[in-house]
Amino acid sequence: NKTQLRNMTSWNNTVVTYFQFLPFSSIPEIQGSLFCLVLFMYLSTLLGNILIIVITMLDAALQSPMYFFLKNLSFLEIGYTTSTIPKMLVNFLTKRKDISLLGCATQMYAFSLLGITECCLLAAMAYDRYVAICYPLRYAAMMSWNICLLLSAVSWFIGVLVALGQTTFIFTLPYCGPNQINHWFCDLPPLLRLACVDTYKNEIITYIIAVLFIVVPFLLIVVSYVQILHTIFKMPSAKGKRKTFSTCSSHLVVVTLFYGSGIVTYLRPKTFSSSSSNKLLSLSYTLMSPMMNPLIYSLRNKEVKRALKRLIAKK
């Protein structure tokens, strides 16, 4: 058992030097179709988010806090998907789906850093919408560029710090076999199951981190939108209500996609968890949400569409 193995091995003489991913699907015939689907979604994610960054950088009408955060979000989404999807695509085409111990740690660190930063940034975006709708006359003072930069910097600082601690306590555990990860990237839960020691304390820490940096930002966003909806319902004009709600509905859709799948994945009881469902859920917040982000913001946002038309006209 794990207690006996803990006495037999240490990090300095760990047997496992690499991990091997199990196939995404147990049906070999659909591997090619899955590769094409994931590749299409990944390229769509890159193209859409790069387009958002270019538009918000070049168009003078989009130089506001809302689009500053949107530009940051698109940058995060590009890094977030790139930390995992290219390796997944390679694994679709190769028989040996290996990743070195260092490569696995690097992937987990990048994925955790960008994911936690995004959780914090989405909360900052909700605060921006809250101030814009509930305190429009004080918006310029409450959301100055210094405040925007501070919120963004704090989000990145939290991501870097938490990801470093999280990756360190995972990869200082001894791994002495088996080395097969029943997942498509180096995520926390499947790696903890491979450790040769009792990981109860590590699992508790993982839950605490998930609560602090997934649930708490999500609750802050919910509180912000309760206040926003309360303000909207008090508006006398139906047209004003629709216009105001349209400015934050896009952010609400992104939040629902991202946090919903993340909370179910990391806080769901083990009895209701399975490897196949975890793989599908992780695709939702690592690929589906980043791909939908530019579509939601561009198709539902008149300012972005007008900026895109101006950019095309210039070219």
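This report concerns the structure included in the present document. (Residues numbered from 1 in each chain as written. Predicted model: local features only at pLDDT ≥ 70, side-chain atom pairs only at ≥ 80, totals over all residues. Heavy atoms only, no water.)

The secondary structure content of the protein amounts to twelve helices and three strands. Its C-alpha atoms give the protein a radius of gyration of 21 Å, near enough to 20 Å, the size a compact globule of 315 residues would have. Overall, the C-alpha framework of the protein stretches about 70 × 40 × 35 Å when taken along its three principal axes. Here the protein, with 315 residues, has 50% of them falling under the buried criterion. Expressed as a percentage of contacts within the protein between residues at least 6 apart in sequence, the contacts between residues at least 24 apart total 80%. When the accessible surface of the protein is summed, it comes to about 15900 Å², and 70% of that surface belongs to carbon and sulfur atoms. Across the protein, the centroid of the 27 positively charged side chains sits 9 Å from that of the 10 negatively charged ones. (Helix = DSSP H or I, 4+ residues; strand = E, 2+ residues; numbered from the N terminus. Rg over C-alpha atoms; globule rule 2.2 N^0.38 Å. Buried < 20%, exposed > 50% of the residue type's maximum accessible area, 1.4 Å probe, protein only. Contact = heavy atoms within 4.5 Å. Areas by Shrake-Rupley, 256 points an atom, 1.4 Å probe, with all protein chains shown as cover. Lys, Arg positive; Asp, Glu negative; His and termini not counted. Charge placed at Lys NZ, Arg CZ, Asp CG, Glu CD.)

What follows deals with helix α7 (residues 145-171). In this model α7 runs 39 Å from its N-terminal to its C-terminal C-alpha over 27 residues, within 8% of the 39 Å that 1.5 Å per residue would give. Along α7, the residues classified as buried are Cys 148, Ser 152, Ser 155, Gly 159, Val 162, Ala 163, Gln 166, Thr 167, Phe 169, Ile 170 and Phe 171. Each element contacted by the buried residues of α7 is listed here: β1 (18-21), α3 (65-82), α5 (101-134), α8 (188-192) and α9 (200-233). (Expected span 1.5 Å × (residues − 1).)

Our next topic: empty space enclosed by the protein. If you walk through the whole model with that rule in mind, you get three cavities of 30 Å³ or more. Along the wall of the largest cavity there are 22 residues; nearest its centre are Phe 111, Gly 115, Ile 116, Ile 214 and Tyr 266. Of all the secondary structure elements, the ones that give two or more residues to the lining of the largest cavity are α5, α9 and α10 (238-267). The leading source of residues in the lining of the largest cavity is α5, at six residues. Looking at the lining of the largest cavity residue by residue, the class counts come to 16 nonpolar, five polar and one charged. Its volume calculated, the second largest cavity comes out at about 80 Å³. Taken together, Phe 21, Leu 22, Pro 23, Phe 24, Gln 31, Met 88, Asn 91, Phe 92, Lys 97, His 183 and Trp 184 make up the full set of residues lining the second largest cavity. Of the residues forming the lining of the second largest cavity, the biggest block, three residues, is contributed by helix α4 (residues 85-93). (1 Å grid on protein atoms, 1.4 Å probe; cavity = no way out; pocket = protein on both sides within 12 Å on 5 of 7 lines; lining within 4 Å. Points joined across faces, edges and corners; volume = space filled by probe spheres on them. Nonpolar A, V, L, I, M, F, W, Y, C, P; charged D, E, K, R; others polar.)

Time to look at the sheet that holds strand β2 (residues 98-100). Strand order across the open sheet formed by three strands is β2-β1-β3, with mixed pairing between neighbours. With one partner strand each, in any of the chains shown, β2 and β3 (180-181) form the two edges of the open sheet. Note that β1 and β2 share three bridges and pair antiparallel. The partner of Phe 19 across the bridge, within β2, is Ile 99. (Pairing = 2+ DSSP bridges.)

This part is about the pattern of salt bridges. Evaluation of the coordinates by the stated rule reveals three salt bridges. As a salt-bridge pair, Arg 310 and Asp 59 come within 2.9 Å of each other at their nearest N and O atoms. You can see Arg 310 sitting in helix α12 (residues 302-314) and its partner Asp 59 sitting in the loop between α2 (31-58) and α3, a full 251 residues away along the chain. (Salt bridge = Lys/Arg side-chain N within 4 Å of Asp/Glu carboxyl O.)

All right, on to the side chain of Asn 179 then. Topologically, Asn 179 is positioned in the loop between α7 and β3. Within polar-contact distance, the side chain of Asn 179 engages the backbone oxygen of Tyr 18 at 3.1 Å. (Polar contact = N/O pair within 3.5 Å; in protein donor to acceptor, adjacent residues only side chain to side chain.)

Bringing the packing of α7 against α9 into the picture now. It is the contact of α7 with α9, at a shortest axis distance of 11 Å, that shows an interaxial angle of 165 degrees. Classed by the angle they form, the pair α7 and α9 counts as roughly antiparallel. The element α7 and its partner α9 pack so that their crossing is left-handed. Residues Ile 158, Val 162, Gln 166 and Phe 169 of α7 form the contact with α9, whose participating residues are Asn 202, Ile 205, Thr 206, Ile 209 and Phe 213. Tallied by class, the residues present in the contact of α7 with α9 amount to six nonpolar, three polar and no charged. (Axes fitted to C-alpha atoms, helices over the stretch in contact; angles between N-to-C directions. Parallel < 35°, antiparallel > 145°, perpendicular 65-115°, else oblique. Left-handed = near helix turned anticlockwise from the far one by under 90°.)

Given two aromatic rings, their pairing is described by the distance between the two centres and the angle made by the two planes. Per the stated rule, a full pass over the model turns up 16 aromatic pairs. Here the aromatic rings of Phe 68 and Phe 69 are separated by 5.5 Å at their centres, their planes lie at 65 degrees, and the arrangement is edge-to-face. Given the relative accessible area of 0%, Phe 69 is considered buried. Relative to Tyr 285, the ring of Tyr 266 lies with its centre 6.0 Å away and its plane at 50 degrees, an arrangement referred to as tilted. Pair noted here: Tyr 266 is in helix α10 and Tyr 285 is in helix α11 (residues 275-299), with a separation of 19 residues, a long-range link. Both residues of the pair, Tyr 266 and Tyr 285, belong to the buried class. (Phe/Tyr/Trp six-rings, centres within 6.5 Å; stacked < 30°, edge-to-face > 60°.)

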